[in-house]
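Listed below are the residues making up each chain.
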Amino acid sequence: MDDLSAAASFQVWEKQASEAWASLIRSPDFLQAMSQQLESSLLLKQQLDRALEAALKAALLPTSTEQERILHLIRKLEGQIQQLEQRVDQLSATLTARG
Amino acid sequence: MKFEERFWLPHQLMSHASEMAERYGQRTPSDVIYTENKLRVMRYRPQVEKPHPIPLLMTPPLIMPYYIMDLKPGKSLVAYLVSRGLDVFMIDWGVPDASDRFDTLDDYVVRYLDHAVEVVRRLTGQPHITLHGYCQGGILAILYTVLFPDRVRNLVNQTGPVNFHDDGIFSLWTRERWLNVDLIVDTLGNVPAELLWMTFQSVNPVGAISQMIHFYEHMEDDQFVQDYVAMNTWLNHSISFPGEFFRKFVQDLYQRNLLVKGELQVAGTRINLNAIACPVLTITTEKDHVAPWKSVALLNEMISSQDKALLLMKGGHLGMTIGRGAQDELWPALADWVLRR
């Protein structure tokens, strides 16, 4: 097979494979399988997480979700303080300018 | 670059995109002028003595890095806009960690984006700005313009859809029947970058194979390799989707299509697209598989602006910003439109 025919064959394969894939990923069977696979994996992880959280609670330790929530609140407060500082600076600059 | 290094580049780019971005990235010079949590706002160093008075703030999508608009010298929309005399600012949303799963769509619009706009207004002394949004960033820019009309003088929406029930693949994949959003967010928190990367790759795996073959055919060509690295670093550099943002984004926009129905609520306010009255430039492409062009162009039919334009380009979602046609068509058209206002 010379280079030209190899390239032409590849182009034919590329076009046909692309069309077949595009059709597959829109088919209800494919969507159903993907959806079920994702959901099963997530449900398994959810069960494991719940068991771990229950164990942590029993040992009076904070869960990762609780820690994440606290960190989120701290960061939100940090942002609000930053905004307030900027407003105070602006007001003070305006007042200074007015004498 | 040695042969061995070149040979393994496609694999390296897939598995270590963020490190590759650090190693090979050549960005337009800028200064970070504001940070808050993971958010950074950058100001590009002007190249003219008196830049255009209205600052331009660029808003990228959350789930891909900002540098698609500043890929490398010669392939940088940002560098072009700066060279045309615009005062350009860029948002980098950063990479969310587990605690950012609680940040909602509302937080990103009325907190992070608003704070970015505020800092740009304060620094430039201008009462309002030109707001540019790309893809998902376009949706955020549209929502912001509805909520804070007095702060946005001009809006540029580049491929941000307003209709989510169309023939695009993501419209189909995100339907309630196939995607349990609550289960994903409640179980994973943030939607992992790896899952997003796999989802995007699943749209066209044949294209990825062809691209790799193309790479090995041209791997001796230095210029080709540089372009390949720049583009594929970006393509493989997915960023996790903040959980609560994802929940509202997919449920209210993709599944319920509330924006186009005028029923979307952000921070307690109903989003009425007709409230947008400022000049608007909508940019879209004929072969956009992520945001079909009609779903993007619909914005211009739903706003009350008298001064509105639609730029319908050839090519796909990514090619439009850095492809061959971008430099000749998109970049000058965008700069001209902004500079005239």
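Residues numbered from 1 in each chain as written. Chains lettered and ligands numbered in written order. Predicted model: local features only at pLDDT ≥ 70, side-chain atom pairs only at ≥ 80, totals over all residues. Heavy atoms only, no water.

K.L.:
Is there a simple way to explain the overall build of chain B in this structure?
P.N.:
If you tally the helices and strands in chain B, you get 16 helices and ten strands. Here the C-alpha radius of gyration of chain B, 19 Å, is about what a compact globule of 341 residues would show, namely 20 Å. Counting the 341 residues in chain B, one finds 58% classified as buried. Across chain B, the fraction of contacts at a sequence separation of at least 24, relative to all contacts at a separation of at least 6, is 78%. Surface accessibility of chain B: about 13,500 Å² in total, with carbon and sulfur atoms responsible for 52%. Put simply, chain B has 32 plus and 39 minus side-chain charges, and the middle of one group is 4 Å from the middle of the other. (Helix = DSSP H or I, 4+ residues; strand = E, 2+ residues; numbered from the N terminus. Rg over C-alpha atoms; globule rule 2.2 N^0.38 Å. Buried < 20%, exposed > 50% of the residue type's maximum accessible area, 1.4 Å probe, protein only. Contact = heavy atoms within 4.5 Å. Areas by Shrake-Rupley, 256 points an atom, 1.4 Å probe, with all protein chains shown as cover. Lys, Arg positive; Asp, Glu negative; His and termini not counted. Charge placed at Lys NZ, Arg CZ, Asp CG, Glu CD.)

K.L.:
Can you walk me through helix H16 (residues 324–339) of chain B in this structure?
P.N.:
Residues spaced three or four apart along an α-helix point in a common direction, a consequence of the helix completing one turn every 3.6 residues. Along its 16 residues, H16(B) runs 23 Å from first to last C-alpha, staying within 8% of the 22 Å computed at 1.5 Å per residue. Looking at the buried residues of H16(B), the elements they touch are helix H4 (77–83), strand S5 (129–134), strand S6 (152–158), strand S9 (280–285), strand S10 (308–313) and helix H15 (319–322) of chain B. (Expected span 1.5 Å × (residues − 1).)

K.L.:
How do you make sense of the packing of helix H5 (residues 105–124) of chain B against helix H6 (residues 136–147) of chain B when you look at a structure like this?
P.N.:
Residues and elements named next belong to chain B. The N-to-C vectors of H5 and H6 enclose an angle of 75°; their axes lie 10 Å apart at closest approach. Taken together, the axes of H5 and H6 are roughly perpendicular relative to one another. Together, Leu 105, Val 109, Val 110, Leu 113, Asp 114 and Val 117 of H5 and Leu 140, Ala 141, Leu 143, Tyr 144 and Leu 147 of H6 make up the contact between the two elements. Looking at the contact of H5 with H6, its residues break down into ten nonpolar, no polar and one charged. (Axes fitted to C-alpha atoms, helices over the stretch in contact; angles between N-to-C directions. Parallel < 35°, antiparallel > 145°, perpendicular 65-115°, else oblique. Nonpolar A, V, L, I, M, F, W, Y, C, P; charged D, E, K, R; others polar.)

K.L.:
How should the packing of aromatic side chains be read in this particular structure?
P.N.:
Where two aromatic rings form a pair, the distance of their centres and the angle of their planes describe that pair. All names here are of chain B. Taken as a whole, this structure holds 22 aromatic pairs over all chains when the rule is applied. Note on Tyr 108 and Phe 245: the rings are 5.2 Å apart at their centroids and 90° apart in plane angle, and the pair reads as edge-to-face. Taken as a pair, Tyr 108 in helix H5 and Phe 245 in helix H12 (residues 243–255) lie far apart in primary sequence, 137 residues in all. Look at Phe 245 and you get buried, because its relative accessible area is 0%. By the ring-pair criterion, three or more aromatic residues cluster together here, those being Trp 93, Tyr 108, Tyr 112, Phe 164, Phe 241, Phe 245, Phe 246, Phe 249 and Tyr 254. Taking the ring centre of Tyr 112 as reference, the NZ or CZ of Arg 111 above it sits at 4.6 Å. (Phe/Tyr/Trp six-rings, centres within 6.5 Å; stacked < 30°, edge-to-face > 60°. Lys NZ or Arg CZ within 6 Å of the ring centre and 35° of its normal.)

K.L.:
How should the nonpolar core be read in this particular structure?
P.N.:
Side chains of a nonpolar character, in soluble globular proteins, are inclined to be buried together. Residue and element names in this part refer to chain B. Within the largest apolar cluster, 106 residues are counted, with the highest numbers of intra-cluster contacts made by Leu 57 and Leu 81. Ignoring anything within four residues of it in the chain, the contact list for Leu 81 reads Leu 56, Met 58, Leu 86, Val 88, Leu 334 and Ala 335. Judged by nonpolar contacts, the second largest core, of nine residues, contains Leu 13, Met 219, Tyr 228 and Val 229. (Core = buried A, V, L, I, M, F, W, Y, C linked by side-chain atoms within 4.5 Å.)

K.L.:
Where do I start with the interface of chain B and chain A in this structure?
P.N.:
By convention, interface size is frequently given as the accessible area that disappears when the constituent parts associate. Each side of the interface is counted separately: chain B has 38 residues, and chain A has 32 residues. In this assembly, chain B packs against chain A so that about 3,000 Å² is buried in total across both faces, 62% of it on carbon and sulfur atoms. Applying the counting criterion to the chain B and chain A interface returns three salt bridges. Here B:Asp107 and A:Lys76 are joined by a salt bridge, their closest N and O atoms 3.7 Å apart. Linking chain B with chain A are 14 residue pairs in polar contact (both at pLDDT 80 or more), by the criterion used here. Those elements that provide at least two residues to the side of chain B that touches chain A are strand S1 (30–36), H5, helix H7 (169–173), helix H8 (181–188), helix H9 (193–203) and helix H10 (205–217) of chain B. Among the residues making up the side of chain B that touches chain A, the classes are represented as 16 nonpolar, ten polar and twelve charged. (Buried area = accessible area lost by both parts, 1.4 Å probe. Salt bridge = Lys/Arg side-chain N within 4 Å of Asp/Glu carboxyl O. Polar contact = N/O pair within 3.5 Å; in protein donor to acceptor, adjacent residues only side chain to side chain.)

K.L.:
When you look at the pattern of salt bridges in this model, what are you seeing that I'm missing?
P.N.:
Pairing between side chains becomes possible if they bear opposite charge and their charged atoms approach one another. Across all of its chains, the model carries 24 salt bridges over all chains by this definition. For B:Arg45, the salt bridge goes to B:Asp31, with nearest N and O atoms at 2.8 Å. On the criterion of sequence distance, the pair formed by B:Arg45 in the loop between strand S2 (39–44) and strand S3 (56–59) and B:Asp31 in strand S1 is long-range, its members being 14 residues apart. A residue is classified by how much of its surface remains accessible, and B:Arg45, at 44% relative accessible area, is partly exposed. Among the ionic pairs, B:Asp252 bridges to B:Arg256, the shortest N-O distance being 2.8 Å. Assessed through its relative accessible area of 12%, B:Asp252 is described here as buried. Overall, the relative accessible area of 37% leaves B:Arg256 in the partly exposed class. Beyond isolated ion pairs, a larger network of salt bridges with shared partners links A:Lys76, B:Glu36, B:Asp103, B:Asp107 and B:Arg111.

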